[in-house]
Amino acid sequence: MAVTNSNISNFLDVVDLIPQLYDPEENKFNVLSREEIRSLITRTDARLKMELKPYYGSDLKTSVPYATTPIARFGNSESGTILLQNAAGSATLTVASTLTTTQVYQLKFTSATAYTVTSDLTGPNGTGATGSSFTTTDGKLTIPSGIFNGTFFNGDIHYIKVYAHEIALVHLSSLLAAHEILNTIYTEEVPDASATAEKYFDQYIQQIRALQRGTAFLEKGLTSRDIDPIQLDYEIDEYGVDATNYADKDYNPRTGY
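These numbers were taken from a predicted model, which means no experiment stands behind them.

Reading the values: the criteria
- Residues numbered from 1 in each chain as written.
- Predicted model: local features only at pLDDT ≥ 70, side-chain atom pairs only at ≥ 80, totals over all residues.
- Heavy atoms only, no water.
- Pairing = 2+ DSSP bridges.
- Helix = DSSP H or I, 4+ residues; strand = E, 2+ residues; numbered from the N terminus.
- Expected span 1.5 Å × (residues − 1).
- Buried < 20%, exposed > 50% of the residue type's maximum accessible area, 1.4 Å probe, protein only.
- Contact = heavy atoms within 4.5 Å.
- Bend = angle between axes of the 7 residues up to and from the residue.
- Salt bridge = Lys/Arg side-chain N within 4 Å of Asp/Glu carboxyl O.
- Core = buried A, V, L, I, M, F, W, Y, C linked by side-chain atoms within 4.5 Å.
- Polar contact = N/O pair within 3.5 Å; in protein donor to acceptor, adjacent residues only side chain to side chain.
- Phe/Tyr/Trp six-rings, centres within 6.5 Å; stacked < 30°, edge-to-face > 60°.

Caption draft 1: Looking closely at the sheet that holds strand β11 (residues 141-143). Taking strand neighbours across the sheet as the criterion, the three strands line up as β6-β11-β10 in an open arrangement whose pairing is antiparallel. Both outer strands of the open sheet, β6 (94-95) and β10 (134-135), are each paired with one neighbouring strand and no more. Bridge count for β6 against β11 is two bridges, and the pairing is antiparallel. Looking at β11, one finds that Val95 is bridged to Leu141.

Next up, the structure:
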């Protein structure tokens, strides 16, 4: 059966916003597992997709899947890094154009040169070595030999994040998921958790409204939509002031968002 996961962001994107979710010294998730974070992203992404559907349609995927700079796990024994592209431009981390699912590939070294690859979505994806090019079992990621920089040690772990949605959407997705976690699930050990949750949500609202207003755009084009005037019920007090209780403090009755 084909994988149908369509999350926009991944668990590491959420950890970037809430570092307390992950204990780098123990290399474990203390509050939510990566699977639980992914499940929560699925739910919060539903709102993001719903709010953008009238403007961009139901398919928000980018036509050019991509990877971001690989990340070395905190606590690796050696300082080796995996590059997005080498200095000569002759070796580049390559994502297949057929990629349709955002996921995180974990490279775990079993020696100074050999490594295993595991996806957080599809599981084991084969074994490779730094001296030769390697393509994951699912065929979605090619790791050339020229992007390994420095030395590696048995047990070292590196993460490669690949995306099927453009980076602006990834940021919106992670903001909304982080807000949900801070607001409903996790508040311990996070300074001013409620204030941080509100800050993330405010950022989300500002950016989603910019996309709805047309003051910001995604790379993919707008879909055709109804631009008839918006009808809004409102209340005027005895002094002639708009006293309507709008959805939130930034709601603009002139535009409807």
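So, next bit.
Caption draft 2: The arrangement of helix α3 (residues 167-185) in detail. Given a rise of 1.5 Å per residue, 19 residues ought to cover 27 Å, and the 26 Å separating the end C-alpha atoms of α3 matches this to within 8%. Listed as buried for α3 are Leu169, Val170, Leu172, Ser173, Ser174, Leu175, Leu176, Ala177, Ala178, His179, Ile181 and Leu182. Of the surrounding secondary structure, the elements contacted by the buried residues of α3 are α1 (11-17), α2 (34-56), β3 (66-67), β13 (157-163) and α4 (193-213).

Caption draft 3: Spatial organisation of α2. Its maximal kink placed at Met50, α2 deviates by approximately 30°, while the proline Pro54 follows within four residues. Restricting attention to buried positions, one finds in α2 the residues Ile37, Arg38, Leu40, Ile41, Thr44, Asp45, Leu48, Glu51, Leu52, Tyr55 and Tyr56. For α2, the secondary structure elements touched by its buried residues are α1, β2 (28-29), α3 and α4. Downstream of α2 by one or two residues, Gly57 has phi in the positive range, about 85°.

Caption draft 4: Examining the pattern of salt bridges more closely. What the rule picks out here adds up to four salt bridges. Across the salt bridge formed by Lys161 and Asp16, the nearest N and O atoms sit 3.8 Å from each other. Here the residue Lys161 occupies a position in strand β13, and Asp16 occupies one in helix α1, the gap between them amounting to 145 residues. Its relative accessible area of 54% is what places Asp16 among the exposed residues. Taking the shortest distance from any N to any O, the salt bridge between Arg38 and Asp120 comes out at 3.3 Å. Of this pair, Arg38 sits in helix α2 while Asp120 sits in the loop between β8 (114-119) and β9 (123-129), and the two are 82 residues apart along the sequence. Of the two residues examined, Arg38 and Asp120, each falls in the buried class.

Caption draft 5: Highlighting the nonpolar core. With 40 residues, the main nonpolar core has Val14, Ile18, Ile37, Leu52 and Tyr204 as its most contacted residues. Residue assignment for this core shows that the elements contributing at least two residues are α1, α2, β13, α3 and α4. Element by element, the count of residues in this core is highest for α3, at nine residues. Setting aside residues up to four positions removed in sequence, Val14 forms contacts with Leu21, Ile37, Ile41, Ser174, Ala177, Ala178 and Ile181. Core analysis: the second largest hydrophobic core is formed by 19 residues, Leu107, Phe134, Phe148 and Ile160 among them.

Caption draft 6: Fine view of the side chain of Thr102. Of note, Thr102 is situated in the loop between β6 and β7 (103-109). For Thr102, the side chain forms a polar contact with the main-chain oxygen of Ile8, separated by 3.3 Å.

Caption draft 7: Broad picture of the pairing of β9. Relative to β9, β8 is paired through five bridges, and the arrangement is antiparallel. Opposite Ser119, over in β9, you have Gly123 as the bridge partner. Counting the residues that bridge the hairpin from β8 to β9 gives three residues.

Caption draft 8: Structural context of the packing of aromatic side chains. Under the defined criterion, the tally for this structure stands at 10 aromatic pairs. Aromatic side chains Phe11 and Phe29 sit 5.7 Å apart centroid to centroid with 75° between the ring planes, which places their arrangement in the edge-to-face category. Taken together, the residues Phe11 in helix α1 and Phe29 in strand β2 connect sequence positions 18 residues apart. With a centroid separation of 6.2 Å and an interplanar angle of 20°, the aromatic rings of Phe201 and Tyr204 are classed as stacked. Here Phe201 and its partner Tyr204 are both found in helix α4, three residues apart, which amounts to about one turn of the helix. Of the residues examined, Phe201 reaches a relative accessible area of 22% and is grouped as partly exposed. Owing to a relative accessible area of 0%, Tyr204 belongs among the buried residues under this scheme. An aromatic cluster of at least three residues, connected via ring pairs, comprises Phe109, Tyr115, Phe134, Phe148 and Phe152.

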